[in-house]
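# What the coordinates show
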Amino acid sequence: MLALEMYRSVAKTALGKVAGGRLPLLLTGAAAPLRMVTLDAPKVEHEGWARLRVSLSGICGSDLGMLSGRTSLYFQPLVSLPFVPGHEIVGELLDPCGDLEAGTRVVVDPVLTCAARGLDACEACARGETNRCSRITVGDISSGLQTGFCHDTGGGWSQQLSVHRSQLHVVPEGYSDEQALLAEPVACAVHTARRAAVRPGDRVLVSGAGAVGLLATLALRELTDAGEILVVAKHAHQRELALEFGATEVVAPSETLRRIRRATSAFMIEPEMMAAPYLLGGVDVTVDAVGTKESLQTCLHATRAGGRVVLSGMPASADLSAAWFRELEVVGTYASSRGTGDFATALDLVGHDAMCRLAKTVAPYPLHRWREALDHAHSAGRLGTVKVAFDPRQTK
């Protein structure tokens, strides 16, 4: 089968880390530790596993971070190279899988938990907190926090992979493949909204209006009793989408603190020596949906004392002085939890009118045009695209 494979290259990873932010085209050329290969289709020979033919697989910000060398070395022991990336996946079962017949169209919850690894449930899995599984490096398959980071299972950037019954959710009748593709990122947004612990009437700031920020905004509006939801967006089309997805107001990055200061009667503090301004006072909850140093700093500096900062995008390093001084709750939100039914909720939200319109804008590419696809994904915000994906069925 055809697949895109990520492999270990210290030189290319270093080049991407040094130059990728300034020269993003390097990340699909000389600096990309990614190659198109012909592989035997992966087949995990353990109970509960089946083969899946891929229909669509999305390109996520975490995938781009991995290729650019921006991903923290913390994650290095939690993957098994070489691997086929791709964890946002919709496809068709080639084999019966538990109670599901061959031919069933499914979406994949990518986290590889104790159930997939043939192990007794760890404490987290037993509580239903499957995204917190502590056994992601042992068991029947190689290390891998998710499908798309594990050598043995394969990933979505290919024609075929192996999946476990515990990962599968049947696509509702009437949903297009493009709608189904959005279920996994929406499930993550559902989990973000639940982790945010928004109280009735709370003011919320979402920093970022790419896919993560837009979906978090929708989940916050639909699943919580948030009051004002302020979204930070760079581009005009993002402003329009954010309002459609439930934002009360949308502001440019440079306007954020001033707008919150006026709304909350906070004090603006402007340090000398080139330090960034911050507020004494601010919103109740902030969600960093970008994962850059600047975005996280905005969240830390815009949250009132005792408020909550939710890390939804994979975070960059930042000055945590505000978290200490203002006693902020800094909360991570990773993947989705099976115990709280995040995927079931997500599949309902995918039927939302705004999501149906968003699904029609998914930009699919065949595998052999992977350089174009990644270029597009790197520039998605500027180009007005929310989700770029691979369609292994395409040949042109």
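Residues numbered from 1 in each chain as written. Predicted model: local features only at pLDDT ≥ 70, side-chain atom pairs only at ≥ 80, totals over all residues. Heavy atoms only, no water.

By the naming in an unreviewed UniProt entry, the chain is Threonine dehydrogenase-like Zn-dependent dehydrogenase, taken from Nocardioides albus. In its Cofactor (unreviewed entry) section, the UniProt entry covering the chain states "Zn(2+)". (UniProt positions renumbered as here; feature names shortened; annotations may be inferred.)

### Here we look at the layout of surface pockets
Taking a probe equal in size to a water molecule and rolling it over the atoms shows the remaining empty space. Of the volumes computed, that of the second largest pocket is approximately 260 Å³. Taken together, 15 residues form the lining of the second largest pocket, with Tyr278, His301, Asp319, Ser321 and Ala322 sitting closest to its centre. Sorting the residues of the lining of the second largest pocket by element identifies β12 (278-280), α9 (293-302) and α10 (321-325) as the ones contributing at least two each. Of the residues in the lining of the second largest pocket, the class split is nine nonpolar, four polar and two charged. (1 Å grid on protein atoms, 1.4 Å probe; cavity = no way out; pocket = protein on both sides within 12 Å on 5 of 7 lines; lining within 4 Å. Points joined across faces, edges and corners; volume = space filled by probe spheres on them. Helix = DSSP H or I, 4+ residues; strand = E, 2+ residues; numbered from the N terminus. Nonpolar A, V, L, I, M, F, W, Y, C, P; charged D, E, K, R; others polar.)

### Quick look at the state of the cysteines
In protein structure, a disulfide is the covalent linkage between the sulfur atoms of two cysteines. Within the structure shown, the criterion is met by zero disulfides. Summary of cysteine pairing: Cys60 is not part of a disulfide, and the nearest cysteine sulfur, belonging to Cys188, is at 7.5 Å. When its relative accessible area of 17% is taken as the criterion, Cys60 is described as buried. Among the cysteines around Cys299, which has no disulfide bond, Cys188 carries the closest sulfur, lying 18 Å off. (Disulfide = S-S within 2.5 Å. Buried < 20%, exposed > 50% of the residue type's maximum accessible area, 1.4 Å probe, protein only.)

### Some words on the pattern of salt bridges
Working definition: two side chains of opposite charge can pair if their charged atoms are close together. This model, assessed by the stated rule, comprises 20 salt bridges. Of the charged contacts in the structure, one is a salt bridge between Asp177 and Arg105, with a shortest N-O distance of 2.8 Å. Residue Asp177 is located in helix α4 (residues 177-181), and its partner Arg105 is located in strand β5 (residues 105-108); the two are separated by 72 residues in the primary sequence. For Asp342, the salt bridge identified is with Arg194, shortest N-O distance 2.4 Å. A residue pair is termed long-range when its members are at least 10 positions apart, and Asp342 in helix α11 (residues 342-349) and Arg194 in helix α5 (residues 183-195) qualify at 148 residues. Each of the salt bridges in this network shares a partner with another, and the network as a whole consists of Arg105, Asp177, Asp391 and Arg393. (Salt bridge = Lys/Arg side-chain N within 4 Å of Asp/Glu carboxyl O.)

### Some words on the sheet that holds strand β9 (residues 229-232)
Taken in spatial order, the six strands make up an open sheet running β10-β9-β8-β13-β14-β15, and their pairing is parallel. With one partner strand each, in any of the chains shown, β10 (249-251) and β15 (329-332) form the two edges of the open sheet. Pairs of neighbouring strands in the sheet enclose a mean axial angle of 20 degrees, with direction left out of account. (Pairing = 2+ DSSP bridges. Axes fitted to C-alpha atoms, helices over the stretch in contact; angles between N-to-C directions.)

### A short note on the packing of aromatic side chains
Under the counting rule described, the total for this entry stands at three aromatic pairs. For the pair Tyr74 and Phe75, a centre-to-centre distance of 5.3 Å together with 80 degrees between the ring planes defines the contact as edge-to-face. Assessed through its relative accessible area of 64%, Tyr74 is described here as exposed. A cation over an aromatic ring shows up here: Arg35 above the ring of Tyr7, its NZ or CZ 4.1 Å from the ring centre. (Phe/Tyr/Trp six-rings, centres within 6.5 Å; stacked < 30°, edge-to-face > 60°. Lys NZ or Arg CZ within 6 Å of the ring centre and 35° of its normal.)

### Concerning the domain arrangement of the chain
Frequently, the measure chosen for interface size is the accessible area removed from exposure when the parts meet. What the domain assignment lists for the chain is domain 1 (2-171 + 361-390) and domain 2 (189-332). Centre-to-centre, using C-alpha coordinates, domain 1 lies 29 Å away from domain 2. Each side of the interface is counted separately: domain 1 has ten residues, and domain 2 has nine residues. Scanning the region where domain 1 abuts domain 2 turns up zero salt bridges. The residue makeup of the side of domain 1 that touches domain 2, split by class, is two nonpolar, six polar and two charged. (Domains from an automatic or database assignment. Contact = heavy atoms within 4.5 Å.)

### Focus on the pairing of β5
Where strand β4 (residues 89-93) meets β5, three bridges bridge the pair, whose relative direction is antiparallel. Within β5, the position partnered with Glu92 by the bridge is Arg105. Pairing between β5 and strand β7 (residues 168-170): three bridges, direction antiparallel. Looking across to β7, one finds that Val108 is bridged to Leu168.

### Overview of the nonpolar core
Val107, Val186, Val204, Val206, Leu220, Phe245 and Met355 are the most contacted members of the largest nonpolar core, which has 50 residues in total. Formed jointly, this core draws a minimum of three residues from each of two domains, domain 1 (2-171 + 361-390) and domain 2 (189-332). If we skip the residues at most four places from it in the chain, Phe245 touches Leu214, Leu215, Thr217, Leu218, Arg221, Ala354, Met355 and Leu358. Listed in part, the 31 residues of the second largest apolar core include Phe83, Phe149, Trp157 and Ala373. (Core = buried A, V, L, I, M, F, W, Y, C linked by side-chain atoms within 4.5 Å.)

### Let's talk about the packing of α5 against helix α6 (residues 211-223)
As a packed pair, α5 and α6 sit with axes 8 Å apart at the nearest point and diverge in direction by 55 degrees. Taken together, the axes of α5 and α6 are oblique relative to one another. Pair α5 / α6 crosses with right-handed handedness. Between α5 and α6, the contacting residues are Pro185, Val186, Ala189, Val190 and Ala193 on the first element and Leu215, Ala216, Ala219, Leu220 and Leu223 on the second. Its residues assigned to classes, the contact of α5 with α6 shows ten nonpolar, no polar and no charged. (Parallel < 35°, antiparallel > 145°, perpendicular 65-115°, else oblique. Left-handed = near helix turned anticlockwise from the far one by under 90°.)

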